Amino acid sequence: MDIRELSIPGTFEITPRQFPDDRGVFLEYYRFDKLEEAVGHPLNLKQANTSVSKRGTVRGIHFADVPPSQAKYVTCTRGAVIDFVVDIRVGSPTFGKWDSVRLDDVDRRAIYIPEGFGHAFVALEDGSTVSYLCSATYAPGREHGINPLCSSVGLEFGMPEEELLLSPKDTDAPGLNGAKDQGLLPDYEQCLAFYKSLNEGEN
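Notes on the structure in this doc start here.

Rules used throughout
Residues numbered from 1 in each chain as written. Predicted model: local features only at pLDDT ≥ 70, side-chain atom pairs only at ≥ 80, totals over all residues. Heavy atoms only, no water. Helix = DSSP H or I, 4+ residues; strand = E, 2+ residues; numbered from the N terminus. Buried < 20%, exposed > 50% of the residue type's maximum accessible area, 1.4 Å probe, protein only. Contact = heavy atoms within 4.5 Å. Phe/Tyr/Trp six-rings, centres within 6.5 Å; stacked < 30°, edge-to-face > 60°. Pairing = 2+ DSSP bridges. Axes fitted to C-alpha atoms, helices over the stretch in contact; angles between N-to-C directions.

### Observations concerning the environment of Gly-60
So, point 1. If you trace the backbone, Gly-60 turns up in strand S6 (residues 58–64).
So, point 2. Since its relative accessible area comes to 0%, Gly-60 is described here as buried.
So, point 3. For the pair Gly-60 and Ala-120, spaced 60 residues apart in sequence, the C-alpha to C-alpha distance is 4.1 Å.
So, point 4. Ignoring sequence-local partners within four residues, the contact set of Gly-60 consists of His-119, Ala-120, Ile-146, Pro-148 and Asp-170.

### What to know about the packing of aromatic side chains
Each aromatic ring pair is specified by the distance between its two centres and by the angle formed by the two planes.
So, point 1. Tallied over the full model, the rule gives 6 aromatic pairs.
So, point 2. A ring pair is formed by Phe-84 and Phe-157, whose centres lie 5.5 Å apart and whose planes are at 75°; its orientation type is edge-to-face. Note that Phe-84 is positioned in strand S8 (residues 80–86) and Phe-157 in the loop between strand S13 (143–145) and helix H2 (168–171), a separation of 73 residues in sequence. Both residues of the pair, Phe-84 and Phe-157, count as buried.
So, point 3. Grouped by ring-pair contacts, the aromatic residues Tyr-29, Tyr-30 and Tyr-73 constitute a single cluster.

### Some thoughts on the sheet that holds strand S5 (residues 47–53)
Strand pairing within a sheet occurs via backbone hydrogen bonds; the two strands may be parallel or antiparallel.
So, point 1. The antiparallel open sheet is built from 6 strands, whose spatial order is S1-S2-S10-S7-S12-S5. What marks the edges here is a single partner per strand, and that holds for strand S1 (2–5) and S5. Going across the sheet, the axis of each strand differs from the next one's by a mean of 20°, ignoring polarity.
So, point 2. As defined by bridge partners, strand S2 (residues 12–15) adjoins strand S10 (residues 110–113) across 3 bridges and the pair is classed as antiparallel. If you follow Phe-12 over to S10, its bridge partner there is Tyr-112.
So, point 3. Docked against the sheet, helix H1 (residues 32–39) engages S1, S2, strand S7 (72–78) and S10, running at close to 25° with respect to S1.

Pasting the structure below:
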């Protein structure tokens, strides 16, 4: 597999090597050792989730308190989505910036999103099925969101806003600056310290 760092340091796109034949196709979509080599520490899996979405569905921007937050390894097993990683770490040189990867059932790429980042995606097809491998279990009291339509972030969904489907939870979420003012966002230096502890095997 090929692992490429995205424009925000610490986030990665993973492109697997596929082996097709007359029966179908085989691939490795996750390799703990390859990812650990790129990231600097292992992804200790604690939970796996799946979502199925109609075209235009937007999920996110979601994040969790650090520590432990929730690193995610995300792939699309059916259909297609645009998956976004957003740097929401206050004090980061790339605060408010984002990058994206198209995840689909053709190239079968994945994206790695570290702890302390925001995550969102938009489904491009009906029935788009997304699988998430997570480093921590879901903890409702530690989970937060940013409105995915926040103009300060400026995610580009590739379709008109009137075609987007959002949950009340996401539309009611504050924008990036509102979340910052409320003290919801992770701190950059705290995240770096947490990453260092992971690299040193302390967690």
